[in-house]
Amino acid sequence: MAEPMSPDYFSCPLCVGLLRDPVAIPCGHSFCMDCISGYWNEADYTGIYICPQCKITFTQRPVLRPNTMLTQVAEKIKKTGLNQANTSPGNSFAGPADVPCDFCSGKKLKAVKSCLNCLASYCEKHLKPHYESATFKRHKLVDELGNLDRKICPQHQKSLELFCRTDQMCICAICTVSEHRGHDIVSAEAERSEKQKLLGVSQAEIRQKCQERVKELEELRTAVDSLKNSAKRAMAESEKMFEEMIRSIERMRSEVTKLIGINEKAAFNQADGLVERLEQEIDELKKKEIGLKQLYSTDDHIHFLQNFNYLCTPTDDGFIPRVTVNPDFSFGAARKAVAEIKERLEELGREELLKISKSVNEVPVYTTETRSREKSSRVKEITVDSAPPAEPRTRADFLKYFCQLRLDPATAYKELHLSDSNRKVIRTRDLQSYSDTHERFDSFAQVLCREALSGGRFYWEIEWSGEFSMGVAYKGISRKGKGSLCLLGYNDKSWSLLCSDSGYSAWHNRVDKAIHAPHSPRIGVYLDHGAGVLSFFSIGNNMTLLHRFETSFVEPLYPGFGVGTSVKICQLK
């Protein structure tokens, strides 16, 4: 029984919490305004309203009257802290992960115990009869349990107390004389004792496996750190060597510029001397011309005769060489030499970069191992030292590199409908309810696959109808706008094969090559990323090569399709 002035006197019978905005109903009992309103809202459908505490029935929904005195007392209890007993962990409300009390009405408290005889869970308040009444003395109380209905036999509605070893299931006593008659049956306690021994063995195995995984994780992290440091050193050393090459090229540029400048200056200095001498001669000739003109018009015969010999004597111009600019001379030779240096450097760079790409991609970063469940030995799937296998020749050889692809809905044009677990795509007139993302093609009926293919060999096959294109692309391919750079094969980020009933054509960076071959409804694609090979085959009685790209792939590739009618990715395994 609660002590005088205990908060229990001022608690709501529905939520078992301290009264909030207390209201009284005609029978005299008080509740929280929200609790009783919500309780009676559910009764509006029947028109019968019952007091949750004394069970008196009202034919009309009673008017709720605020209880001013209880409001004041509840406020005083809050201030004095007397309500802490009601908010102790044992009386807290049940959350989503807690077991609720089966006997609380309204908002349920968290259960503290479950009774295996009653098959019910109780909060501290509703558990008291199990401790105080002799009727419940023999009941077995355990810590709160959920899903108590699973402890009842679904067929006989009796407690599950036995275990059938024959069928490996829990049963009730009636099951022993019906469905499980003649079976190897023991008590649940005895079976648990046996299985608990196995549990210890399993725990030891799991603990050992966990320790092994932790060790492997540490080793992998150490290897990754080493790989990062190696990459960092390689980047630093490469950067240093490239800077030295740039400085060397800068020196070459300086030398060529200096050489051209010296020759230019020498030529101009020589020309300047000749120009000056020619200008002096022109001045003298002009003076003589003026003197001759004056002499011709003079009336003084003596003056004419005295100056005639001087002015009419021819000018001696033999000391000035005749200047003719060599029409074959220019600085084109210097330009040509520099252009040759540039071409050689670029060619050398392409060759060496291809060698670097192949050497890096052919050696896997990691080696994976499969663990046999029956044996402790490990079988290596990939070895670093093994030489790369020969290129496939037959379809059986290609199928060894089969990879299952899935279309990526986030990239699909809005007229493309994906189906068959994202392995088939058809073009429809109806717009699909795709969200607008930066990855989606917004102007062309194209879609990419989810898988990023890199550093290995891959093979897949396609069935198609209507004109379509298929190929691979870097992730950075343009997706927005109506420009041709968004199309597969029309940029330097993608390679594609355009297929139609009339023939085929291979495309890369807007350059195409026509291919004359019979129509085939199935096309095979082989990619050797490390070797820079992308091949397309028509599949029939034999595999016929349609086109082969040979290049250097510097990023992971995503298979993609431009859809005219329908495309289906084949399942080959």
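Rules used in this analysis
- Residues numbered from 1 in each chain as written.
- Predicted model: local features only at pLDDT ≥ 70, side-chain atom pairs only at ≥ 80, totals over all residues.
- Heavy atoms only, no water.
- Helix = DSSP H or I, 4+ residues; strand = E, 2+ residues; numbered from the N terminus.
- Buried < 20%, exposed > 50% of the residue type's maximum accessible area, 1.4 Å probe, protein only.
- Contact = heavy atoms within 4.5 Å.
- Areas by Shrake-Rupley, 256 points an atom, 1.4 Å probe, with all protein chains shown as cover.
- pLDDT = per-residue confidence, 0-100.
- Core = buried A, V, L, I, M, F, W, Y, C linked by side-chain atoms within 4.5 Å.
- Phe/Tyr/Trp six-rings, centres within 6.5 Å; stacked < 30°, edge-to-face > 60°.
- Lys NZ or Arg CZ within 6 Å of the ring centre and 35° of its normal.
- Pairing = 2+ DSSP bridges.
- Patch = residues over 30% accessible without salt bridge, like charges linked within 9 Å, V, L, I, M, F, W, Y side chains within 5 Å.
- Salt bridge = Lys/Arg side-chain N within 4 Å of Asp/Glu carboxyl O.
- Lys, Arg positive; Asp, Glu negative; His and termini not counted.
- Charge placed at Lys NZ, Arg CZ, Asp CG, Glu CD.
- Axes fitted to C-alpha atoms, helices over the stretch in contact; angles between N-to-C directions.
- Parallel < 35°, antiparallel > 145°, perpendicular 65-115°, else oblique.
- Left-handed = near helix turned anticlockwise from the far one by under 90°.
- Nonpolar A, V, L, I, M, F, W, Y, C, P; charged D, E, K, R; others polar.

A.B. asks: When you look at the overall build of the protein in this model, what are you seeing that I'm missing?
C.D. replies: The secondary structure content of the protein amounts to seven helices and 26 strands. Among the 573 residues that make up the protein, the fraction classed as buried is 28%. Considering only intrachain contacts with a sequence separation of at least 6, the fraction spanning at least 24 residues in the protein is 53%. Counting only carbon and sulfur atoms, one obtains 54% of the accessible surface of the protein, whose full area is about 38,700 Å².

A.B. asks: Which parts of the structure should I look at to understand the confidence of the model for the protein?
C.D. replies: The predicted model of the protein averages 81 in pLDDT, with 86% of residues at 70 or higher. This stretch, residues 372-386, has a pLDDT under 50; its non-local contacts, to residues over four places away or in other chains, come to 17 contacts.

A.B. asks: I would appreciate a short explanation of the nonpolar core in the present structure.
C.D. replies: One recurring pattern in soluble globular proteins: nonpolar side chains tend to sit buried together. If you look at the biggest cluster of nonpolar residues, it comprises 40 residues, and the most contacted ones within it are Trp 460, Met 470, Leu 497, Leu 534 and Phe 561. Sort the elements by how many residues they give to this core and strand β17 (residues 457-465) lands first, with four residues. What Phe 561 contacts, discounting residues up to four positions off in sequence, is Leu 407, Ala 445, Gln 446, Val 447, Cys 449, Ile 462, Phe 468, Ser 469, Met 470, Leu 488, Val 567 and Ile 569. In this structure, Cys 12, Leu 19, Phe 31 and Cys 51 belong to the second largest nonpolar core, which totals 19 residues.

A.B. asks: Looking at this structure, how should I read the packing of aromatic side chains?
C.D. replies: The geometry of two aromatic rings is summed up by the distance between their centres and the angle between their planes. Taken as a whole, this structure holds 13 aromatic pairs when the rule is applied. What links up through ring pairs into an aromatic cluster is the set Phe 398, Tyr 401, Tyr 459, Tyr 526 and Phe 537. A cation over an aromatic ring shows up here: Arg 479 above the ring of Phe 441, its NZ or CZ 5.6 Å from the ring centre.

A.B. asks: Would you explain the sheet that holds strand β1 (residues 22-24) in this entry?
C.D. replies: Hydrogen bonds between backbone atoms are what pair the strands of a sheet, whose relative direction is either parallel or antiparallel. One open sheet accounts for three strands, arranged β2-β1-β5; its pairing is antiparallel. At either end of the open sheet lies a strand with only one pairing partner, and these are β2 (30-32) and β5 (65-66). Pairing of β1 with β2, which is carried by three bridges, proceeds in the antiparallel orientation. Paired with Ala 24 across the bridge in β2 is Ser 30.

A.B. asks: How do you make sense of a negative patch on the surface when you look at a structure like this?
C.D. replies: A cluster of acidic side chains, namely Asp 272, Glu 276, Glu 279, Asp 283 and Glu 284, defines a negative patch on the protein surface. Locating Asp 283 in the fold gives a position in helix α4 (residues 188-297).

A.B. asks: I keep staring at a nonpolar patch on the surface and nothing clicks. Help me out?
C.D. replies: On the surface, Ile 249, Met 252, Ile 341 and Leu 345 cluster together into a nonpolar patch covering about 320 Å² of accessible area. Judged by its relative accessible area of 43%, Leu 345 falls in the partly exposed class.

A.B. asks: I keep staring at the sheet that holds strand β10 (residues 169-171) and nothing clicks. Help me out?
C.D. replies: Taken together, the three strands give an open sheet; going across it, the order is β10-β9-β11, and neighbouring strands pair in antiparallel fashion. Two strands bound the open sheet, and with one partner strand each, they are β10 and β11 (185-187). Pairwise comparison of adjacent strand axes, ignoring direction, gives a mean angle of 35° for this sheet. Relative to β10, strand β9 (residues 162-164) is paired through three bridges, and the arrangement is antiparallel. Following the sheet pairing, Cys 164 is matched in β10 by Met 169. Against the sheet, α4 contacts β9 and β11, and its axis sits at roughly 90° relative to β11.

A.B. asks: Just to check I follow, could you spell out the side chain of Ser 535 for this structure?
C.D. replies: When you line up the elements, Ser 535 lands in strand β23 (residues 533-539). With sequence-adjacent residues up to four places away left out, Ser 535 is seen in contact with Gly 524, Val 525, Tyr 526, Leu 545, His 547 and Arg 548.

A.B. asks: Where do I start with the packing of α4 against helix α5 (residues 301-312) in this structure?
C.D. replies: Angle between the axes and distance between the axes: these two values describe a pair of packed helices. Interaxial distance between α4 and α5 falls to 10 Å at its minimum, and their mutual angle equals 150°. By the criterion of interaxial angle, the relationship of α4 to α5 is roughly antiparallel. Both α4 and α5 take part in a crossing whose hand is left-handed. For the pair α4 and α5, contact is made by Lys 288, Gly 291, Leu 292 and Leu 295 and by His 303, Phe 304, Asn 307, Phe 308, Tyr 310, Leu 311 and Cys 312, respectively. Among the residues making up the contact of α4 with α5, the classes are represented as seven nonpolar, three polar and one charged.

A.B. asks: Please explain the pattern of salt bridges as it appears in this structure.
C.D. replies: Side-chain pairing between opposite charges can occur once the charged atoms of the two side chains come close. Summed over all chains, the structure comprises 18 salt bridges. The shortest N-O distance in the salt bridge between Glu 461 and Arg 395 comes to 2.9 Å. Taken together, the residues span a long stretch of sequence, with Glu 461 in strand β17 and Arg 395 in helix α7 (residues 395-399) at a distance of 66 residues. The class of Glu 461 is buried, set by a relative accessible area of 0%. Under the relative-accessibility criterion, Arg 395 is labelled partly exposed at 31%. One salt bridge in this structure joins Arg 522 and Glu 461, with 3.0 Å as the shortest N-O distance. Here Glu 461 lies in strand β17 and Arg 522 lies in strand β22 (residues 522-528), a separation of 61 residues in the sequence. Connected through shared salt-bridge partners, Arg 395, Glu 461, Glu 463 and Arg 522 make up one network.

A.B. asks: Quick question: what am I supposed to make of helix α1 (residues 33-41) here?
C.D. replies: Since the α-helix advances by 3.6 residues per turn, residues separated by three or four positions end up pointing in the same direction. Among the residues making up α1, those that are buried are Cys 35, Ile 36, Ser 37 and Trp 40. In this structure, the buried residues of α1 make contact with β1, β2, β3 (49-50) and β4 (57-58).

A.B. asks: Looking at this model, I keep getting lost on unusual backbone geometry. Mind explaining?
C.D. replies: Residues other than glycine predominantly adopt negative phi, and peptide bonds predominantly adopt the trans conformation. The residue Gln 168 is not glycine, and still its phi comes out positive at about 55°. By the secondary structure assignment, Gln 168 is in the loop between β9 and β10. Taking the relative accessible area as the measure of exposure, Gln 168 reaches 47% and is therefore partly exposed. A positive phi angle, close to 70°, is found at Arg 510, a residue other than glycine. With respect to the helices, strands and loops of the structure, Arg 510 is situated in the loop between β20 (503-508) and β21 (511-515). Take Arg 510: its relative accessible area is 54%, and that puts it in the exposed class.

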